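A closer look at the structure
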Number of protein chains: 2
Amino acid sequence: MAASVWRRVQAAAGRQLRLPRPHSRSSGSSVGAAPVADGSEEPGHYALVEFSGKESIEAVQRASTIPGLQHECAVPFKSRFFNLRNNHLGSQTAIHPSVLRLKQSVISLNELLQNISGAESIDEQLYTVLEEMQLTEENTRLRFLVCSLLNEIAAAYFPECSIRPFGSTVNNFGKMGCDLDMFLDLDGISGRNKTKPGGAFSVEYQTKRVASERVATQSILSVIGECIDQFAPGCTGMQKILNARCPLVRFSHQPSGFQCDLTANNRIAMRSTELLYIYSTLDPRVRALVFGIRCWARVQGITSSVPGAWITNFSLTMMVLFLLQRRNPPIIPTLDQLKAQAAEKDVHIIESHDCTFASDYKMKSSQNTETLEDLLQEFFEFYGSFAFNKMSINIRKGKEQNKPEPSPLHIQNPFEQALNVSKNVNQTQLDRFVRAARESAWILQQEGLKHPKAEPWGFSALLLPNSQTSMGKSKKRRRQPASERIKNLLDSLKANKQSTDNLSRPNGHQKIIPIVR
Amino acid sequence: MAASVWRRVQAAAGRQLRLPRPHSRSSGSSVGAAPVADGSEEPGHYALVEFSGKESIEAVQRASTIPGLQHECAVPFKSRFFNLRNNHLGSQTAIHPSVLRLKQSVISLNELLQNISGAESIDEQLYTVLEEMQLTEENTRLRFLVCSLLNEIAAAYFPECSIRPFGSTVNNFGKMGCDLDMFLDLDGISGRNKTKPGGAFSVEYQTKRVASERVATQSILSVIGECIDQFAPGCTGMQKILNARCPLVRFSHQPSGFQCDLTANNRIAMRSTELLYIYSTLDPRVRALVFGIRCWARVQGITSSVPGAWITNFSLTMMVLFLLQRRNPPIIPTLDQLKAQAAEKDVHIIESHDCTFASDYKMKSSQNTETLEDLLQEFFEFYGSFAFNKMSINIRKGKEQNKPEPSPLHIQNPFEQALNVSKNVNQTQLDRFVRAARESAWILQQEGLKHPKAEPWGFSALLLPNSQTSMGKSKKRRRQPASERIKNLLDSLKANKQSTDNLSRPNGHQKIIPIVR
């Protein structure tokens with residue numbers, strides 16, 4: 001590392017990370033950097049430096065100093081984050097070795113539209129969307145690195161614990177820029193639930209006692225959150241959300257850009273992660289359709305990055321899975337069918353909830369030969385006319401069932417069956433979704449939009465900002481020839497590039513688009 | 001340990017502790033215990049178990065379980081505190097091996113009066129008070145053990161830090177039951193204030209930056225306080241007093257019974273501790289007189305265990321030292337004289353305060369041959385007529401000086417010379433002290449009380465509960481023959497045993513005692 005020519009590089013020495021080496025360098029380390037003014041507080045470029053042995057990291061740590069600051073003070077907590085300083089300013093700024101820089105950013109909508117415009121079919125468009133939006137291998141590894149850095153903080157008090165990712169990071173449905181959900185696993189702590197030895201005496205640790213496991217979880221998360229907040233470099237914006245159904249701490253890990261949620265003893269969420277992963281592997285159309293629908297929903301303002309009464313990506317995924325179970329022949333099995341094939345090792349009863357399903361489901365390749373284009377059309381038509389007022393979506397049975405309670409949208413939690421996954425959704429948001437589905441079903445039916453010569457065409461025509469703000473109550477409808485409306489939409493898209501530049505935010509620009517029934 | 005016959009013992013395996021082995025046992029361990037109902041939450045007896053090697057502690061830890069509780073949950077933090085359970089209840093409760101039980105409690109006033117009644121001189125009485133009240137060696141070691149247990153918590157994040165006792169625990173003026181003041185020393189963290197290596201590059205830890213060292217201290221104490229509060233068995237009543245001049249966390253360590261104060265980077269307090277220690281070693285009369293005066297002050301309600309406008313033990317110690325500097329010939333040197341003999345290694349400038357003094361002061365044994373009886377009398381007379389309204393007490397110069405500010409009692413802080421050690425003291429409390437000093441001077445002058453045949457006699461006659469509650473304002477005085485008054489005092493003492501049973505609390509019983517001028 002000392003051979004590097006850069007003024008300053010913020011380096012995370014990550015043992016667990018196996019990033020491809022960009023080009024051969026001595027001593028098994030890789031450095032990526034860009035010159036940054038010395039001593040400035042602006043974030044520099046980060047280099048992931050992989051060492052062949054743990055001793056090398058310790059050697060770097062021994063040689064490192066704690067910054068002596070003129071007007072501030074450093075909290076002397078030692079982690080695996082370092083700043084590399086060039087002590088001779090300005091001498092070598094011209095050399096830029098061709099280090100591989102890993103793209104960690106989210107693709108913009110315009111870029112995505114451009115990339116899918118050259119496709120030859122709607123199926124190809126959707127697979128391209130999947131390719132462009134899914135987590136890269138490097139980004140996934142970066143997420144594991146962040147877990148390992150936080151693990152060091154938690155392990156200070158609970159040496160046998162581990163922090164592991166769950167949710168979109170590892171369920172095969174994660175897109176670039178998605179939150180990093182982490183799980184503090186304390187079950188590995190030895191001596192818990194151990195049966196007492198048979199002798200006359202037994203020794204127990206003296207511990208703090210609290211009223212329930214929930215209180216213990218809150219207490220542990222609170223302290224670890226405090227440590228992250230006060231000591232961990234690059235972690236900012238700590239929020240302790242300890243009274244949530246599942247207590248968590250939320251913070252931003254600035255070097256990686258990840259928004260992090262850390263929970264503990266969240267075993268059911270781990271099983272949900274595994275279930276989604278298994279569904280994702282059963283048929284290639286599963287992921288492509290889920291990514292397509294999520295992308296569409298974000299552009300349409302149906303989902304949002306801020307919490308609220310919006311439909312969530314998890315709910316949309318459930319809706320896609322449900323649709324694929326309902327096809328004839330079905331593309332994926334119901335949860336009950338997965339459970340029926342469970343082996344003994346797959347049996348999981350967590351807090352009296354049955355979380356059992358086959359971890360290696362053997363399915364004859366589905367007889368269903370529908371294209372993604374068919375399924376996309378079916379999704380919009382199915383949910384454009386679904387009896388949301390009466391029926392509940394249920395992937396366990398693969399059949400709609402009567403709603404047990406009057407929430408506008410009811411999607412049964414696959415494991416905690418008394419819970420509604422979409423309890424947060426209000427009628428306005430559900431209406432927004434239904435209208436957008438109907439509108440999209442109509443657009444997809446336009447023969448002129450089905451061919452790559454149209455502009456936009458196919459899936460692109462659905463990725464146009466939408467809004468029903470003034471329609472819900474006024475019921476006012478304008479009618480225009482379809483081609484003219486599509487052209488207007490395209491123009492408005494071009495005129496408002498900035499507002500649609502990033503898929504990770506809901507579109508700020510609102511247009512009135514009439515509904516066609 | 002498995003050979004023990006007790007149902008349950010809470011054991012702290014303390015490597016640093018070198019308690020005398022009560023009787024020979026195998027494998028270098030000692031156990032002291034008493035039967036306690038199994039599973040009960042009432043504090044049991046504690047055993048300090050010393051192992052010959054660290055591996056043995058790890059072996060105990062490996063064999064220990066985390067309690068599985070029926071209606072509660074254990075926070076699975078592993079420390080060196082264990083519960084030993086007898087799995088066969090009721091079988092061996094009759095065996096009581098003669099394990100040495102270390103007395104860790106505070107002597108009661110009645111016991112103390114009894115113990116000094118047989119002395120042959122007031123000097124012998126005062127040395128007995130010293131013997132009875134001072135910290136035992138075992139209690140001091142127990143304090144070091146508590147520091148080492150807390151050190152493990154702090155070292156989780158700052159492996160190079162150390163927690164050390166300061167103040168009365170180690171300044172040679174500590175009495176049984178005194179608070180345990182601890183100091184989190186972060187200066188040992190390597191890489192701090194290290195000069196950058198000469199090469200082209202240097203590596204720094206990336207750290208959180210805060211506005212000042214004070215903010216860093218607050219942040220570190222806050223997190224460590226949180227850990228102690230949530231995880232550490234036996235630590236209760238956590239208070240974070242982070243906005244104090246010297247930020248601290250305060251809590252009770254129940255197994256040892258110590259009230260603990262943990263501060264950080266409190267270097268001046270460390271020097272004060274060393275200074276008092278050095279003064280304590282210069283002449284045997286120093287400690288005896290300080291202990292005597294403190295004991296007297298507590299019985300008289302001049303000092304208190306709760307914070308307030310009371311005179312503190314530290315102020316009283318300063319007053320005794322000042323008196324001993326003012327004797328002719330002096331018994332101890334002034335701080336300036338100690339500084340004049342300082343070697344190079346003794347030079348300490350902390351935050352621009354001169355904390356320099358000779359650590360091995362060579363003094364010809366004092367020419368002063370006054371007895372403790374003389375000095376006790378002198379103390380009461382000197383402070384009974386001291387010009388507190390105009391003059392400041394100053395152990396640096398060994399001379400009273402004009403008060404720089406109008407606090408009722410002004411004792412210059414020996415190192416932070418702009419500060420008044422007794423700024424908290426109000427006029428009422430100062431008056432209480434002066435009246436008690438005059439009263440005691442008068443009592444000591446009574447020839448009839450100077451001989452062991454009187455009852456009470458000598459120093460015992462001063463350890464009678466006192467109160468000036470109704471005198472401060474009314475100036476009402478009753479006159480009685482001295483012998484009758486003393487007899488009344490004694491009667492009142494006997495009648496109110498309970499209220500004077502413990503020296504660690506100010507006497508709740510208040511009697512009106514006239515002042516004689």
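Below or above, wherever it landed, is the structure these notes cover. (Residues numbered from 1 in each chain as written. Chains lettered and ligands numbered in written order. Predicted model: local features only at pLDDT ≥ 70, side-chain atom pairs only at ≥ 80, totals over all residues. Heavy atoms only, no water.)

1. A few points about the environment of alanine 436 of chain B
- Structurally, the position occupied by alanine 436 of chain B is in helix α11 (residues 427–445).
- Residues alanine 436 of chain B and glutamine 300 of chain B, spaced 136 residues apart in sequence, show a C-alpha to C-alpha distance of 7.2 Å. (Helix = DSSP H or I, 4+ residues; strand = E, 2+ residues; numbered from the N terminus.)

2. Observations regarding the relation of the copies chain A and chain B
- Least-squares fitting of chain A to chain B yields an RMSD of 0.1 Å, with the transformation described by 0.1 Å of translation along the axis and a rotation of 180°. The symmetry that links the two subunits is that of a two-fold axis. Residues of chain A ranked by C-alpha distance from the rotation axis are headed by alanine 156 of chain A, positioned 2.4 Å from it.
- In this assembly, 100% of the residues forming the interface of chain A have copies in chain B that are likewise at the interface, indicating an isologous arrangement. (Least-squares fit on C-alpha atoms with pLDDT ≥ 70 in both. Contact = heavy atoms within 4.5 Å.)

3. Some details on the packing of aromatic side chains
- For the structure shown, the criterion picks out 43 aromatic pairs over all chains.
- Look at phenylalanine 166 of chain B and phenylalanine 183 of chain B: their rings are 6.5 Å apart centre to centre, the planes differ by 80°, and that puts the pair in the edge-to-face class. In this pair, phenylalanine 166 of chain B is assigned in strand β5 (residues 162–166) and phenylalanine 183 of chain B in strand β6 (residues 180–185), connecting sequence segments 17 residues apart. With respect to burial, phenylalanine 166 of chain B and phenylalanine 183 of chain B carry one shared label: buried.
- Chaining the aromatic ring pairs together yields one cluster made of Trp296, Phe322, Phe379, Phe380, Phe382, Tyr383, Phe386, Phe388 and Phe433 of chain A.
- Over the aromatic face of phenylalanine 357 of chain A sits the side chain of arginine 271 of chain A, whose NZ or CZ is 4.1 Å from the ring centroid. (Phe/Tyr/Trp six-rings, centres within 6.5 Å; stacked < 30°, edge-to-face > 60°. Buried < 20%, exposed > 50% of the residue type's maximum accessible area, 1.4 Å probe, protein only. Lys NZ or Arg CZ within 6 Å of the ring centre and 35° of its normal.)

4. Here we look at the pattern of salt bridges
All names here are of chain A.
- With the rule as written, the count across this model stands at 36 salt bridges over all chains.
- As a salt-bridge pair, arginine 267 and aspartate 185 come within 3.0 Å of each other at their nearest N and O atoms. Of this pair, arginine 267 sits in helix α6 (residues 267–282) while aspartate 185 sits in strand β6 (residues 180–185), and the two are 82 residues apart along the sequence.
- Overall, the relative accessible area of 27% leaves arginine 267 in the partly exposed class.
- Its relative accessible area of 9% is what places aspartate 185 among the buried residues. (Salt bridge = Lys/Arg side-chain N within 4 Å of Asp/Glu carboxyl O.)

5. Let's talk about the pairing of β6 of chain B
Residues and elements named next belong to chain B.
- Taken across its 6 residues, β6 has 6 buried, putting it largely inside the fold.
- Both faces of β6 are covered, namely the face carrying Leu180, Met182 and Leu184 and the face carrying Asp181, Phe183 and Asp185.
- Note: β5 against β6, 5 bridges, orientation antiparallel. Among the inter-strand pairings, isoleucine 163 is bridged to a residue of β6, identified as leucine 184. (Pairing = 2+ DSSP bridges.)

6. A word on the packing of helix α8 (residues 313–326) of chain B against helix α10 (residues 372–384) of chain B
Residues and elements named next belong to chain B.
- Axis separation between α8 and α10 bottoms out at 11 Å; the angle between their running directions is 105°. One finds that α8 runs roughly perpendicular with respect to α10. Mapping the contact onto sequence places Met319, Val320, Phe322, Leu323, Leu324 and Arg326 in α8 and Leu375, Glu378, Phe379, Phe382 and Tyr383 in α10. (Axes fitted to C-alpha atoms, helices over the stretch in contact; angles between N-to-C directions. Parallel < 35°, antiparallel > 145°, perpendicular 65-115°, else oblique.)

7. Brief notes about empty space enclosed by the protein
Residue and element names in this part refer to chain A.
- Tallied over the entire structure, the rule returns 11 cavities of 30 Å³ or more.
- Considering only enclosed or pocket space, the largest cavity measures out at about 110 Å³ in volume.
- Considering the residues around the largest cavity, the lining is formed by 13 residues, among which Ser79, Leu149, Ile153, Ala232 and Pro233 are closest to the centre.
- Ranked by residue count, the leading element in the lining of the largest cavity is helix α4 (residues 137–155), at 5 residues.
- Each residue belonging to the lining of the largest cavity can be placed in one class, and the counts come to 9 nonpolar, 2 polar and 2 charged. (1 Å grid on protein atoms, 1.4 Å probe; cavity = no way out; pocket = protein on both sides within 12 Å on 5 of 7 lines; lining within 4 Å. Points joined across faces, edges and corners; volume = space filled by probe spheres on them. Nonpolar A, V, L, I, M, F, W, Y, C, P; charged D, E, K, R; others polar.)

8. Let's talk about helix α2 (residues 109–117) of chain A
- If you check which residues of α2 of chain A are buried, you get Leu109, Asn110, Leu112, Leu113 and Ile116 of chain A. Viewed along the axis of α2 of chain A, the buried residues span an arc of 160°, placing them on a single side of the element. (Arc of directions from axis to C-beta.)

9. Details of the sheet that holds strand β11 (residues 258–264) of chain B
Residues and elements named next belong to chain B.
- As summarised here, the arrangement of the 5 strands in space is β5-β6-β11-β10-β9, forming an open sheet in which the pairing is mixed. Of all strands in the sheet, those bounded by a partner on one side alone are β5 and β9 (235–241). Direction aside, neighbouring strands of the sheet carry axes that sit 25° apart on average.
- Summarising the sheet, β9 and strand β10 (residues 248–253) pair through 5 bridges and their orientation is antiparallel. Across the sheet, residue lysine 240 finds its bridge partner in β10, namely valine 249.
- Contacting β5, β6, β10 and β11, helix α4 (residues 137–155) runs over the sheet at an angle of about 150° to β5.
- Sitting on the sheet, helix α5 (residues 213–231) touches β6, β9, β10 and β11, and the angle it makes with β9 is about 160°.

10. Considering unusual backbone geometry
- In the segment running from asparagine 328 of chain A into proline 329 of chain A, the intervening peptide bond is cis, with an omega of -5°.
- Note on placement: proline 329 of chain A falls in the loop between α8 (313–326) and α9 (335–340).
- Positive phi, normally seen in glycine, also occurs at asparagine 172 of chain B, with a value near 80°.
- By relative accessible area, asparagine 172 of chain B is classed as partly exposed at 26%.

11. Things to note about the sheet that holds strand β11 (residues 258–264) of chain A
All names here are of chain A.
- Read across the sheet, 5 strands follow the order β5-β6-β11-β10-β9 without closing on themselves; strand pairing throughout is mixed. Since the sheet does not close on itself, it has two edges, and those belong to β5 (162–166) and β9 (235–241), each with one partner. Between one strand and the next, the sheet's axes are offset by a mean angle of 25°, whatever the strand orientation.
- Along the sheet face, α4 touches β5, β6, β9, β10 (248–253) and β11 and points at about 150° away from the line of β5.
- Sitting on the sheet, helix α5 (residues 213–231) is in contact with β6, β9, β10 and β11, with an inclination near 160° to β9.

12. Observations concerning the interface of chain A and chain B
- Each side of the interface is counted separately: chain A has 75 residues, and chain B has 76 residues.
- Contact with chain B buries area across many residues of chain A, yet Tyr205, Gln206 and Lys208 of chain A alone supply 13% of it, more than any other trio.
- Close ionic contact of glutamate 160 of chain B with lysine 78 of chain A constitutes a salt bridge, the shortest N to O distance being 3.0 Å.
- There are 28 residue pairs in polar contact (both at pLDDT 80 or more) connecting chain A and chain B.
- Breaking the side of chain A that touches chain B down by element, the ones donating at least two residues are α1 (54–63), β3 (73–74), β4 (81–86), β7 (201–205), β8 (209–210) and α5 of chain A.
- The residue inventory of the side of chain A that touches chain B, partitioned by class, reads 38 nonpolar, 22 polar and 15 charged.
- Here β4 of chain A pairs with strand β7 (residues 201–205) of chain B via 5 bridges, running antiparallel. Residue pairing for β7 of chain B: phenylalanine 82 of chain A is matched across the bridge by tyrosine 205 of chain B. (Buried area = accessible area lost by both parts, 1.4 Å probe. Polar contact = N/O pair within 3.5 Å; in protein donor to acceptor, adjacent residues only side chain to side chain.)

13. Remarks on the pairing of β10 of chain B
All names here are of chain B.
- With 5 of 6 residues buried, β10 is to be regarded as a mostly interior element.
- Once β9 ends, the chain turns through 6 residues before running back antiparallel as β10.
- Sheet topology note: the β10/β11 ladder contains 6 bridges and is antiparallel. Following the sheet pairing, phenylalanine 251 is matched in β11 by cysteine 260.
- Taken together, β10 and the strand that follows it, β11, pair antiparallel across an intervening segment of 4 residues, in which glycine 257 is found at a positive phi of about 80°.

14. Concerning the environment of proline 307 of chain B
All names here are of chain B.
- Structurally, proline 307 is set in the loop between α7 (284–299) and α8.
- Given a relative accessible area of 73%, proline 307 falls into the exposed group.
- Along the backbone, proline 307 and asparagine 424 are 117 residues apart, and their C-alpha atoms lie at a distance of 9.2 Å.

15. Considerations on the packing of helix α3 (residues 122–133) of chain A against helix α10 (residues 372–384) of chain A
Residue and element names in this part refer to chain A.
- Two elements in contact, α3 and α10, have axes whose closest approach is 7 Å; the angle formed by their N-to-C orientations is 80°. As judged from the angle between their axes, α3 and α10 are roughly perpendicular. Where α3 approaches α10, its residues Ile122, Asp123, Leu126 and Tyr127 are matched on the opposing element by Leu372, Glu373 and Leu376.
- Here the residues of the contact of α3 with α10 are counted per class, giving 5 nonpolar, no polar and 2 charged.

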